[in-house]
Structures are given as structure tokens and as C-alpha cells.
Amino acid sequence: MTDTESAVEISDPAIDIDEMMRRISERLRTRQAQAAAQGLDYDYLTNTRPTLLASRHLSKETLEWLSQLFLVSDEVLTQVAMRDRRFPLFNRLLFRFEMLLHRLVVKYVNLYAGRQIVFNRTASRAVVCLAWELERAVARIESLENQLAELRQQTSKSEQA
Amino acid sequence: MLPYFAYGDAIGNQAIEIRRLLREWGYRSEIFAENWDRRLKQECRPYREYDRYSHSDNLLFVHYSTGAEVNQYAKGLNDQIVLYYHNITPADYIYWVNGELARQLVEARKQLTSWLGRARAIAASWYNAQELKALGFEVAGVVPYILPFESLDAGLKGKGASQILRHYADSGMTDWLYVGRLVPNKCIQHIIKSFYYYHTWINPASRLFLVGGSEGMEDYFVFLKNLVNALALAEAVIFAGHYGAAEGLAAFYQIADLYISMSEHEGFCIPLIEAMYYALPVMAFASTGVPITLNGAGVLLKRKEYPLVAEIAHEITTNHALRSGLLKAQDRRLADLAPSTARAQFHACLATLAQH
């Protein structure tokens, strides 16, 4: 359970927000403990959203492709593309009928396009998360390599001494 | 002129009220729409009929909230166009439930700046005005929603309100209330999840009323129903459907103990103010236009932590000092948003627009 400070804003100076939040924090802890004692999951619905962070270790090319993923993910939707044509007598009726059919088709096409976009964005997010994990791994490797280099130096000095 | 003349929604109601005021002040005024709710058929005309009335002396208010043919049509006219900006829901929220609407929203966003230099702009809220200014528009004025308190009060005398009160009032339950369309950007699933904690761990004698329609968002409605079933809340969560002022909407405000919003996109959010009018403490997630609308009233949630939201709701409904303080602050905010004030602002804005 996260810190309850700064979770709410109440402008009335007569209300002691700190005291209220302390009470709430206490109740949250109590309920969590009660849930745990009963073998229940109090935090069942609490979830976090993955965030996109800048990378220092991935190549410029990889970062560019990652940002492209998001830019293109929603360019799937279909436009209504109709032109008004001039046929004497039947123009209005024909145009309306065609427009209706066209809209009907586009409505369902875009529904599926919308689902595709959701998949695209989810896949993009997953890839970015993996990229971030990779960056953390690379940073860890770098740190270990530096430590190793230092140890080697120290060993070398000891041997020389 | 507007893309869809909806029954009981903010833009539709505002269009009707503006027409009424303009006629009261001696102007000729009509509503033209691309599509309309069948209940409003007598209140508007098809936008193509405007060809007959178009004139360079006319002030044409184009209600802008989504992409539509009517926007392109209006741009081609010689009338003095006033872009009345109601904000555009980010398409991100809508893709997975209504692809066609998402496309229209993307289009609306792309086309908005093409109105620079072509139309003067007014905004329905101070938040919307800020957005327009950031895009380079010179905003001629803010014309706030003229809140329908009289209609809401009148609806309390009707059969609809009596049925609601008979069925739900004086039950001994603690009632949460949400009013508005069941659309993804309003994040009703977050309200349901917060209510889950309240109902399960704090107060089982509780109900959540979700009052609003889901036309065009049927997949989202199914998602919400499935969530309610998965959380075993089917007896406690009431999907009431759409209620307008005439159908007794105000009765829900009277029954409830708390109003909650977890919306992530609002240009203004009228139900927050309606809740304040009926002395209902308001708790809302601090996003987009909500903090400006509340302006220090109510409880602003900075984070969506469902157990925490549930506990704050518990405080609001049991801590009399807190409740009383909140209601006093809400009354002060309500005074700023009185219908008479909004009408005066519209009148002043009209004078500015008519001068040019």
C-alpha cells in the first residue's frame, strides 16, 4: 500500500487533512492485516500501469523504431471517401443510399481496426518494457565489468608489490 | 449547427438554451444538425437546409466536439462562424469500442487548427479556452454551460422521479452515484473497483447507481457488466440507464450520499455541479477540466488507489465535520456557476461577437 499523503486535495482549511489521512492509513493497514489473517487478497484489484522511460543504453536506431511503433499504431482506421456526383433527377437519392452503405461498411471495418490498434499498442508497450529490462541488464553488466576491472587492477598491484 | 443533436447531453441542452435566449433577445435562431435523436426531431433541421438561410450577416455557432461532415460544410459558408469548442475526447479511449467514432475524434483533432483565421472561437469552459489558446486561437469569450437546475427541479414533480424515490429512497443504504454516459474516458470501471472495496470491506449496506446511457458503446457496457459480475456486485450496482431532467434525474441526486467521478477526460463535467446543487458531497479524480470546474470545492483525488478511494468515501459519509465543510465550500462554488451568471456571460460574449 502506497503512502496516503498527497493522495487528495481538500481546500477547506478547517479540515485537518493530515489527521484524516492518518486515520485512513491506519484503517488500510488494519484491513490488510484482517484480510491476510483470513487468507484473502486485499490488494486484489490494485494494479500499476507500465510507464515508458527514456533509455541510455539502447542504440539510437532501436529507440527510433520504438517511438515509430507508437506513431503508426493508430494509423489503421478507414475514412469515408465519397464524392458527390451529378446525375440528373436521382443524384440526391443515389448519393444518400451510397453514403449509407459506405458508412455501414466503414463502421464495422473501423470497429475491427480499433481492436487492431489496441493490440498494436499493447504489443508496442510490451516491446518497450522488454527494452527497458534489457537496458537495466546492460547497465548491470557495465557495473559488473567496471568492478571486475578494478579488482584486476588491485590484484595486479598486489602481485607487483 | 452540430454533428449530433443528442437528447439530454450537455451540448444538446446548451444548443436548446442558447436558441431560447437568442429568441428572447429578439434574434431569429434555429438549430441545424447532421444527425439527431428521434425525440428531438421537431427541435432541429437537417444541416443541408441551412443553404436557404446562409448569409454573411448571420452568426453561425458551430458546436465542435467531434469530426463530422457538417464541420466541413460550415467551413465553406460565408457566414460569420463562431467555433464553440466543447473539447474533443482523446480517441485512445474509444478505439476498442467504437472504431468509427475514434476515427471521427482523430479527424476532429487534426482539423481543429484548420479553423484558425477562418472562425472566431468561444469555449464552453475555462479549461477548453486554455486548450484553444495553446493552439493559437484568440478566444472571444467563455460561454459556460447554462446549468438546467430549473428543469431538474421540475422533473422532481413528475412520475419518473416518484417511481425512483419510491423504489430506492429511505432504504438505509449508503448510495454512491455517477451520472453521465457510460463511455471509456469516464473510467467507470475504476468507480466499480473502488466501490468493490467499500462494499466488501467497509460497508456492505451500500449501492452504486450508474445513471447514463451507453449508445454506441455497447462493448464497454458489456465490459462493465462482466466486471460487476466478476466482482459479485450484481445486487449492489444498479445500471439505471439514461435519465434526463424530465424523467426524474434529480431524484437520483436526492437519494445518493456521495457523488463520484473517476473520469480521465472532461472539458467541464456538468454532473459535478448538479450534485453540488443537490447538496451531495463530490469526490472526483483530478484530471483535465475537473480541478478548474471544482475550483477548490469537493474532494480531488490525485491517485486512483481503490482501497484509498473507498476509505475517503467512508470518511465523507461518516465524518459530519468533513461533510459539512465540503458542502459549504460547494455552495460557494455553486454561486459562481449560477444559470443567471452564465446567461449574462453569454450575453456579453454575444455583444463582443456582434461588434466585429
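Residues numbered from 1 in each chain as written. Chains lettered and ligands numbered in written order. Predicted model: local features only at pLDDT ≥ 70, side-chain atom pairs only at ≥ 80, totals over all residues. Heavy atoms only, no water.

## Let's talk about the interface of chain B and chain A
- Each partner contributes residues to the interface: chain B has 40 residues there, and chain A has 45 residues.
- Summed over both sides, the interface of chain B with chain A buries roughly 3,600 Å², with 55% coming from carbon and sulfur.
- In this structure, Asp219(B) and Arg115(A) form a salt bridge, with 2.2 Å as the shortest nitrogen-oxygen distance.
- Along the contact surface separating chain B from chain A lie twelve residue pairs in polar contact (both at pLDDT 80 or more).
- When contributions to the side of chain B that touches chain A are tallied by element, the ones reaching two or more residues are helix 3 (99-112), helix 7 (188-202), strand 13 (299-301), helix 12 (306-318) and helix 13 (320-336) of chain B.
- The element that contributes the greatest number of residues to the side of chain B that touches chain A is helix 12 of chain B, accounting for seven residues.
- Partitioning the side of chain B that touches chain A into residue classes produces 18 nonpolar, eight polar and 14 charged.
- Note: strand 1 (residues 8-9) of chain A against strand 13 of chain B, two bridges, orientation antiparallel. For Val8(A), the partnering residue across the bridge sits in strand 13 of chain B and is Leu301(B). (Contact = heavy atoms within 4.5 Å. Buried area = accessible area lost by both parts, 1.4 Å probe. Salt bridge = Lys/Arg side-chain N within 4 Å of Asp/Glu carboxyl O. Polar contact = N/O pair within 3.5 Å; in protein donor to acceptor, adjacent residues only side chain to side chain. Helix = DSSP H or I, 4+ residues; strand = E, 2+ residues; numbered from the N terminus. Nonpolar A, V, L, I, M, F, W, Y, C, P; charged D, E, K, R; others polar. Pairing = 2+ DSSP bridges.)

## With respect to the pairing of strand 8 (residues 174-179) of chain B
All names here are of chain B.
- Burial of strand 8 is extensive: six of the six residues sit out of reach of the surface.
- A two-sided burial pattern is seen for strand 8, the buried positions comprising Thr174, Trp176 and Tyr178 on one face and Asp175, Leu177 and Val179 on the other.
- Summarising the sheet, strand 8 and strand 9 (residues 206-211) pair through six bridges and their orientation is parallel. The partner of threonine 174 across the bridge, within strand 9, is serine 206.
- Bridge count for strand 8 against strand 11 (residues 258-261) is two bridges, and the pairing is parallel. From the neighbouring strand, tryptophan 176 faces strand 11, where its bridge partner is leucine 258. (Buried < 20%, exposed > 50% of the residue type's maximum accessible area, 1.4 Å probe, protein only.)

## So, the sheet that holds strand 6 (residues 120-123) of chain B
Residues and elements named next belong to chain B.
- On the basis of which strands lie adjacent, the open sheet formed by four strands has the order 4-5-6-7 and parallel pairing. The open sheet has two free edges, formed respectively by strand 4 (59-64) and strand 7 (139-142), since each of these has just one partner strand. Averaged over all neighbouring strand pairs, the angle between strand axes comes to 25 degrees, with direction disregarded.
- For strand 5 (residues 80-85) and strand 6, the ladder comprises four bridges, and the chain directions are parallel. Note that in strand 6 the partner of tyrosine 84 across the bridge is isoleucine 122.
- The strands touched by helix 14 (residues 339-355) within the sheet are strand 4, strand 5, strand 6 and strand 7, with strand 4 carrying the most contacts at an inclination of about 125 degrees. (Axes fitted to C-alpha atoms, helices over the stretch in contact; angles between N-to-C directions.)

## Concerning the pattern of salt bridges
- Applying the stated rule across the entire model yields 26 salt bridges over all chains.
- As a salt-bridge pair, Glu19(A) and Arg22(A) come within 3.4 Å of each other at their nearest N and O atoms. Separated by three residues within a single helix, Glu19(A) and Arg22(A) lie in helix 1 (residues 17-37), roughly one turn from each other.
- Judged by its relative accessible area of 51%, Arg22(A) falls in the exposed class.
- Taking the shortest distance from any N to any O, the salt bridge between Glu17(B) and Arg343(B) comes out at 3.2 Å. Within this pair, whereas Glu17(B) is found in helix 1 (residues 10-24), its partner Arg343(B) is found in helix 14, the two being separated by 326 residues in sequence.
- Of the residues examined, Arg343(B) reaches a relative accessible area of 17% and is grouped as buried.

## Overview of the nonpolar core
- Counting residues in each nonpolar core, the largest one holds 147 residues, and the members touching the most others are Leu177(B), Ile192(B), Tyr259(B) and Met283(B).
- Per-element tally for this core: the top contributor is helix 7 of chain B, with nine residues. (Core = buried A, V, L, I, M, F, W, Y, C linked by side-chain atoms within 4.5 Å.)

## A few points about the confidence of the model for chain B
- Of all residues in chain B, 100% have pLDDT values of 70 or greater, and the mean over the chain is 92.
- Reported for the predicted complex are a pTM of 0.79 and an ipTM of 0.77. (pLDDT = per-residue confidence, 0-100.)

## Focus: unusual backbone geometry
Residue and element names in this part refer to chain B.
- Even without a glycine there, the phi angle at alanine 279 is positive, about 55 degrees.
- Relative to the assigned elements, alanine 279 resides in the loop between helix 10 (270-277) and strand 12 (282-285).
- Owing to a relative accessible area of 42%, alanine 279 belongs among the partly exposed residues under this scheme.

## Topic: helix 13 of chain B
Residue and element names in this part refer to chain B.
- Spanning 17 residues, helix 13 covers 25 Å between terminal C-alpha atoms, matching the ideal 24 Å at 1.5 Å per step.
- Within the span of helix 13, buried status applies to Leu322, Gly325, Leu326, Ala329, Gln330, Arg333 and Leu334.
- If you check the start of helix 13, you find a side-chain oxygen 3.2 Å away from the backbone N of alanine 321, and it comes from asparagine 319. (Expected span 1.5 Å × (residues − 1).)

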